[in-house]
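Now for the letters of each chain:
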Amino acid sequence: MTSADTLKRFKSDGRVVIVGASLAGLRAAETLRDEGFTGSLTMIGDELGEPYDRPPLSKQVLTGWVPAGGTTLPRRRDINAEWLLGVPADGLDLATNHVHLADGREVPFDRVLISTGVRARPWFVETEAALDGVFVVRTREHAEGLQRALAAGPSRVLVIGAGFTGSEIASICRERDIPVTVAELAPAPLVGALGAVIGDVAADMQRAHGVDLRCGVKVTQLEGDAQGRFHRAHFDDGSTIDADVAVVALGGIRNTEWLRDSGLAAGPWGIACDTGCRALDLNGLITDDIFVAGDVARCPNPIYEYRLISLEHWVNAVEQAQVAAHNMVSAQADRWPHLSIPTFWSIQFGVNIKSVGVPTFADEVVVTQGSVPDHRFVAAYGYQGRVTAAVSFNNAKWLDHYRQLIETAAPFPPPCPTPDEPADAKPVPVDFPGPRLLAQGATVVVTGHDPGERRVTAAWQHR
């Protein structure tokens, strides 16, 4: 039997299992059917209910604009799948091609897609995390519970962590005229993702809207009253604050523990894969039948010197799922690389923040358009003389221009495309906390627009 015959038989009679009934999992399932896969399809998810959209949970749901149950993802087509929901996977056997479920069942597969995503990082003291009034935000149930707590009119909310989720929650509190304290170990909000320049802007924005922002401090204890309700937080500088609600917004944990004995290159950083979304084993060898997509995938990006990058971005999950699904049912010569440029957005304090590229892959940043004091500007990021990312505050219409600069390895600092270039615009160190990102200097140019035609060619560096 030829390889073409084998592929044809797999598309008609094969067994595909998707572990992770998420955005990436659903879009992959739809793409498989679009690509002509008519075999058996099984969706495994640890939550009850159909896949839903997560970005609205920390935005529209907490404001009360959208009920938690109204976030179900739309179906683009019928996927004709068997749904195994409410029971997590707890093992993957590559010798027998079975997914093991926590209830003892075993699900056979010919090819499997892992899209298990991330979960919220809980408060580090279990008894304190269990106090009434202590929340995380990752699932529908989390958002629904926090929305009810905010609607009850707490005297004060404490937000632990000033990343995107924590900052969005602080913004919603101020929209509802709820006093809010934000505690952040770093020097400023968003500094870990966007650097010190943008962090200073975010800090000014929060304080201008009445947020009690405390940076460079650590929450050491969440104290409960005699009824088990949270009522006070202690800081490492010896101070305390009374509040009715505490929101732990300390990032996510990738759901990879169930793969500990699988032989895959999986760990706290995610699951390593190639640009075709095929998982790597512990030896760094590519597996033929195991694919990865979404927040849990750690994929090399040629634009960023082939670094393995994990991205918790909505667009990345969708595009990676489509590439993975296409490659699952395609011959080697017809497979696509995942070459998406990451995008991200957030709404805080009436400001629409959007980014393109990977801002953490940079050594310099410059404001190229607009006015920082007016919170309407674009900042471009560069690494060793080329553009690697851009962030906009209420000025997103120019991000496609910066995307093109990133894809073509354009020189940094880039020329300003409009007359609103600040008179004193000059690059400054990007200043991220923690160890600097090391790099070797590979540069490529991306061609094509659709996944099927996107490729890279080598380009000379700008010196």
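Residue indices follow the written sequence of each chain, beginning from 1 at its first position. Local features are withheld for residues below a pLDDT of 70 in this predicted model, meaning they are given only at 70 or higher, and side-chain atom pairs are given and counted only at 80 or more; totals for whole chains, interfaces and linings count all residues. Each side-chain value is worked out from all heavy atoms of the structure, with water and hydrogens disregarded.

### Here's the deal with the overall build of the chain
Note the cut-off: Secondary structure elements follow DSSP: runs of H or I of four or more residues count as helices, runs of E of two or more count as strands, with numbering from the N terminus. Think of it in three bands: residues with accessible area under 20% of the maximum for their type are buried, residues over 50% are exposed, and the middle band is partly exposed, with areas taken using a 1.4 Å probe on protein chains only. Contacts are residue-level and defined by heavy atoms, with any inter-residue pair within 4.5 Å sufficient. Throughout, the Shrake-Rupley method with a 1.4 Å probe supplies accessible areas, and for residues the shown protein chains are the sole cover considered. His is not counted, nor are the chain ends; Lys and Arg add positive charge and Asp and Glu add negative charge. Positions of charges follow a simple convention, taking NZ of Lys, CZ of Arg, CG of Asp or CD of Glu.
The number of helices and strands found in the chain is 9 helices and 31 strands. Taking the principal axes of the C-alpha coordinates as reference, the chain spans close to 70 × 60 × 40 Å. Taking all 463 residues of the chain together, 53% fall into the buried category. If you take every contact in the chain between residues at least 6 apart in sequence, the share linking residues at least 24 apart comes to 64%. As displayed, the chain offers around 20,100 Å² of accessible surface, 51% of which is attributable to carbon and sulfur atoms. If you average the places of the 42 positive and of the 56 negative side-chain charges in the chain, the two averages end up 3 Å apart.

### Section: the pattern of salt bridges
Quick reminder of the rule: Salt bridge, as used here: a side-chain nitrogen of Lys or Arg that lies within 4 Å of a carboxyl oxygen of Asp or Glu.
Tallied over the entire structure, the rule returns 17 salt bridges. The salt bridge involving R111 is made with D289; its shortest N-O contact spans 3.0 Å. In this pair, R111 is assigned in strand β7 (residues 111-114) and D289 in strand β21 (residues 286-292), connecting sequence segments 178 residues apart. Taking relative accessible area as the criterion, R111 reaches 14% and is therefore assigned buried.

### Considering the UniProt feature "domain: Reductase C-terminal" (unreviewed entry) in the chain
Cut-off, in case you're wondering: UniProt positions are given in the numbering used here, feature names are shortened, and annotations may be inferred rather than shown by experiment.
Per the UniProt record, "domain: Reductase C-terminal" (unreviewed entry) is found at residues 344-414. Helix makes up 13% of residues 344-414 and strand 51%, with an end-to-end C-alpha separation of 21 Å.

### Topic: the UniProt feature "domain: FAD/NAD(P)-binding" (unreviewed entry) in the chain
According to UniProt, the "domain: FAD/NAD(P)-binding" (unreviewed entry) feature falls on residues 15-321. The span residues 15-321 is 23% helical and 31% strand by assignment, and the distance between its end C-alpha atoms comes to 18 Å.

### Concerning the sheet that holds strand β22 (residues 297-301)
Strand pairing in a sheet is mediated by backbone hydrogen bonds. Such pairs are either parallel or antiparallel. Filter applied, for reference: Here, strands pair whenever DSSP counts at least two bridges between them.
In spatial order, the strands read β18-β19-β22-β23; together these 4 strands make up an open sheet with mixed pairing. Looking at strand neighbours, the two that pair on one side only are β18 (266-267) and β23 (307-309), the edges of this open sheet. Pairing of strand β19 (residues 270-272) with β22 involves 2 bridges; the strand directions are parallel. If you follow I271 over to β22, its bridge partner there is A297.

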